[in-house]
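One letter stands for each residue in the lines below.
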Amino acid sequence: MAPVKPNTPKQHGIVGSIVDLIRWLLVDPNATGTTSILLLIAEAVLCCVVINLVPYTEIDWKAYMDEVEGVVNGTYDYPQLKGDTGPLVYPAGFVYVFLGFYYATNHGVEILAAQYMFAVVYVAFIAVVHEIYKKAKCPPYVLIIMSCISYRIHSIFILRLFNDPIAMLLLYGAVILFLRNRWAPGCVLFSLAVSVKMNILLFAPGLLFLLLAALGIWETAQCLSICAGIQVILGLPFLTTNFLGYMERAFNLGRQFQYIWTVNWKFVSEETFLDRRAHVALLAGHLVILTAFALHRWPRLVPGGRERMLQWQPQQRLSVSTDAVLFVLFSSNFVGMVFARSLHYQFYVWYFHTIPYLLWKTQLPVIARFILIGCI
C-alpha cells in the first residue's frame, strides 16, 4: 500500500489563519481593543517579574515620605516641609496622593507594597493611553511598539516611584473626557493633575485654545474657574497658614534646576545652563512657536474655531474632532519639551506616549517613524 500523503492543504489553512490573525492584531484598527487587552495582561505580568527580579532604586521616595510626614505631624507652613533631597516643591494634590501611599505602606517603609501599587497605577495608565489611541484609530502595532521600547517607563513607575506618573495618569484621564467633548469634568481632572505636578501646565496653551474654540469666552471662563477653584480648595490648609510661602514653593516657575540632573542640556557647559539669558531665550522661543501654532496650525483642525474664540457666548457648542483635541494638546506639550530649561530622567513620561501619535500624523515614511521612535 502506498504511504498516505500528509494533508498539506489543511496545514496551509491553519498556518494561513494564524498569519491572518497576527496581521489583524497588528494592523487592523478594529483589533486595537483585543490587542490592548493582550498587552495589558502581558504588562501586568511583566511588572510583577520586574519587581521581583530588578532591584529597587531609591531616589525620591524617602523624600516624598519625609515631606508628607511633616503634614502628618501638623506642619502646614509649606516652606517648613522638607525631605532629604530638599524642600517640598509640588502643589497640595501631591501631598494628599502621597499621604495615601504613606499610610498604605506603613509610613513609607514597605517599599515592595509601594511598588505593587505603582504597578497597578502603571497598568491603569497604559489602559487609558490605549483608549486614547483606540479613539485616534492608530494601528494596533503602535501600542505594541510603545510597550516593547518602554523599559524606561517601567523603571520610572515601579523601580523609582516618582510622582510624575500620577500626574500624567490624571492628565490622560482628562484627555479622554476632552475627546468626548466633556470640557468641565475634563478640567476637573486637568486641575487635579496640575496639583500633583506643574509640568501639566505645558498642555494648558493647547487646552485654552480648544476651550475657546469649542465654548467661547464665557464658558471658557467657567472652566478656568473650576481649575482655579480646585487649586484653592486643595491648597486651603496651606494657604491659610502661609499664603506666600505656599505659592512660592508650590508654583515656583522660576526654580533653578541643578546641572547634574539635566538630560537635554548636558552638551552645554554648566555656566551656560545656569545663565538667565539662556532661560529668557528659551522662554521667548517657546512663546513664539506656541503663538505660531495657535494662529496658523491649530485653527486648521477646528473649522470656524478662530472666529468662535472671539465670541462671548456662541449659540451652540462646537464638537471638536479627535485629531484636533489630540494634536493641539500633544503638540502644545511637545513644544514645551523642546524649550524646557531642563529635562530629568523621569520627565520622559511627560511626552513618551504622545510621540507615536504625533509621528503618525506626519507624512514621514513608516520606517522613518520607527527610527525616530527608537531614537527617542
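Just so it is clear, the structure is predicted and the values come from calculations on it, not from any experiment.

Asks: Explain the packing of helix α5 (residues 111–135) against helix α8 (residues 164–179) here, please?
Replies: In helix packing, the relevant descriptors are the interaxial angle and the interaxial distance, both defined with respect to the helix axes. It is at 10 Å that the axes of α5 and α8 come closest, and there the two elements cross at 30°. Classified by the angle between their axes, α5 and α8 sit roughly parallel to one another. Seen along the crossing, α5 lies across α8 with a hand that is left-handed. The segment α5 lies against α8, with F118, V121, A124, F125, V128, V129, E131, I132 and K135 engaging P165, I166, M168, L169, Y172, G173, V175, I176 and L179. Broken down by class, the residue content of the contact of α5 with α8 amounts to 15 nonpolar, 1 polar and 2 charged.

Asks: Explain the side chain of S155 here, please?
Replies: Take S155: it is sitting in helix α7 (residues 151–159). Only 2.9 Å separates the side chain of S155 from the side chain of R160, close enough to count as a polar contact. Residues contacting S155, with those up to four places away along its chain left out, are R160 and Y345.

Asks: Could you clarify how one ought to interpret empty space enclosed by the protein in this entry?
Replies: Picture a little ball the size of a water molecule; that probe, rolled over the atoms, points out where space is still empty. Taken as a whole and assessed by the stated rule, the structure comprises 1 cavity of 30 Å³ or more. The wall of the largest cavity is formed by E43, Y122, I126, V129, H130, M146, S147, S150 and H353. Every element with two or more residues in the lining of the largest cavity is listed here: α5 and α6 (140–148). Its residues assigned to classes, the lining of the largest cavity shows 4 nonpolar, 4 polar and 1 charged.

Asks: Hey, could you run me through the layout of surface pockets in this one?
Replies: Taken as a whole, the largest pocket encloses approximately 1,500 Å³ of empty space. The wall of the largest pocket is formed by 47 residues, among which R255, F257, R341, F347 and W350 lie closest to the centre. Contributions of two or more residues to the lining of the largest pocket are made by α3 (61–72), β2 (86–87), α11 (243–250) and α13 (276–297). Considering every element that reaches the lining of the largest pocket, the biggest residue donor is α13, with 8 residues. A breakdown of the residues in the lining of the largest pocket according to their chemical character gives 27 nonpolar, 13 polar and 7 charged. By volume, the second largest pocket is sized at about 270 Å³. Lining the second largest pocket are 15 residues; nearest its centre among them are F190, L201, L224, C227 and A228. Taken together, the residues that form the lining of the second largest pocket break down as 13 nonpolar, 2 polar and no charged.

Asks: What exactly am I supposed to notice about the side chain of H279 here?
Replies: Structurally, the position occupied by H279 is in helix α13. Classification of H279 as buried rests on a relative accessible area of 10%. The contacts of H279, once residues within four sequence positions are left out, are Q256, F273, L274 and R341.

Asks: Would you take a moment to explain the confidence of the model for the protein for this structure?
Replies: Low-pLDDT stretches of the model should not have their predicted coordinates read in fine detail. Averaged over all residues, the pLDDT of the protein equals 89, while 96% of them reach at least 70. The low-confidence segment residues 1–11 (pLDDT under 50) makes 0 contacts with residues lying over four places distant or belonging to another chain.

Asks: Before we go on, may I ask you to explain the packing of aromatic side chains in this structure?
Replies: Any pair of aromatic rings gets described here by the distance separating the centres and the angle formed by the planes. Within this structure, the stated rule accounts for 29 aromatic pairs. Measuring from ring centre to ring centre gives 4.0 Å for F347 and W350, while their planes differ by 15°; the resulting arrangement is stacked. Here F347 falls in the buried class, since its relative accessible area comes to 4%. Between Y348 and Y351, the ring centres sit 5.7 Å apart and the planes meet at 85°, which makes this aromatic pair edge-to-face. Clustering of aromatic rings is evident, with ring pairs tying together W61, Y64, Y90, F94, F98, F101 and F118. Over the aromatic face of F327 sits the side chain of R297, whose NZ or CZ is 4.5 Å from the ring centroid.

Rules and cut-offs
Every chain's residues receive numbers from 1 upward, in the order its sequence appears when written. Reporting in this predicted model follows two pLDDT cut-offs: at least 70 for local features of residues, and 80 or more for side-chain atom pairs to be given and counted; totals over whole chains, interfaces and linings ignore these cut-offs and use all residues. Values shown for side chains rest on all heavy atoms present in the structure; no hydrogens or waters enter the calculation. Lines fitted to C-alpha atoms define the axes here, with helix axes fitted over just the stretch in contact, and angles between the N-to-C directions of these axes take values from 0 to 180 degrees. Helix and strand definitions follow DSSP, with helices as H or I runs of at least four residues and strands as E runs of at least two, each counted in order from the N terminus. Roughly parallel here means an angle under 35 degrees, roughly antiparallel means over 145, roughly perpendicular means 65 to 115, and every remaining angle is called oblique. Crossings are classed by handedness, with left-handed meaning an anticlockwise turn of the near helix from the far one by less than a right angle and right-handed meaning a clockwise turn. Any two residues whose heavy atoms approach within 4.5 Å at even a single point are treated as in contact. Amino acid classes used here: Ala, Val, Leu, Ile, Met, Phe, Trp, Tyr, Cys and Pro are nonpolar; Asp, Glu, Lys and Arg are charged; the rest, including Gly, are polar. Counting of polar contacts relies on pairs of N or O atoms within 3.5 Å, with two restrictions inside protein: one atom must be capable of donating a hydrogen and the other of accepting it, and residues adjacent in sequence are counted only when both atoms are side-chain atoms. The definitions used throughout rest on a 1 Å grid laid over the protein atoms alone, on which a cavity is an enclosed set of points accommodating a 1.4 Å probe that cannot get out and a pocket is an open set flanked by protein within 12 Å on both sides along at least five of seven lines; lining residues are those having an atom within 4 Å of a point. Grid points are joined across faces, edges and corners, and a volume is the space filled by probe spheres set on the points. Exposure is judged per residue with a 1.4 Å probe applied to protein chains only, and the accessible area is read against the type maximum: over 50% gives exposed, under 20% gives buried, and values in between give partly exposed. Per-residue confidence from the predictor is reported as pLDDT, a score between 0 and 100. Between the rings of Phe, Tyr and Trp (Trp by its six-membered ring), a pair exists once the centres lie within 6.5 Å; its type follows the angle of the planes, with under 30 degrees stacked, over 60 edge-to-face, and the other angles tilted. Both a distance and an angle decide whether a charge sits over a ring: NZ of Lys or CZ of Arg must be within 6 Å of the ring centre and within 35 degrees of the ring normal.

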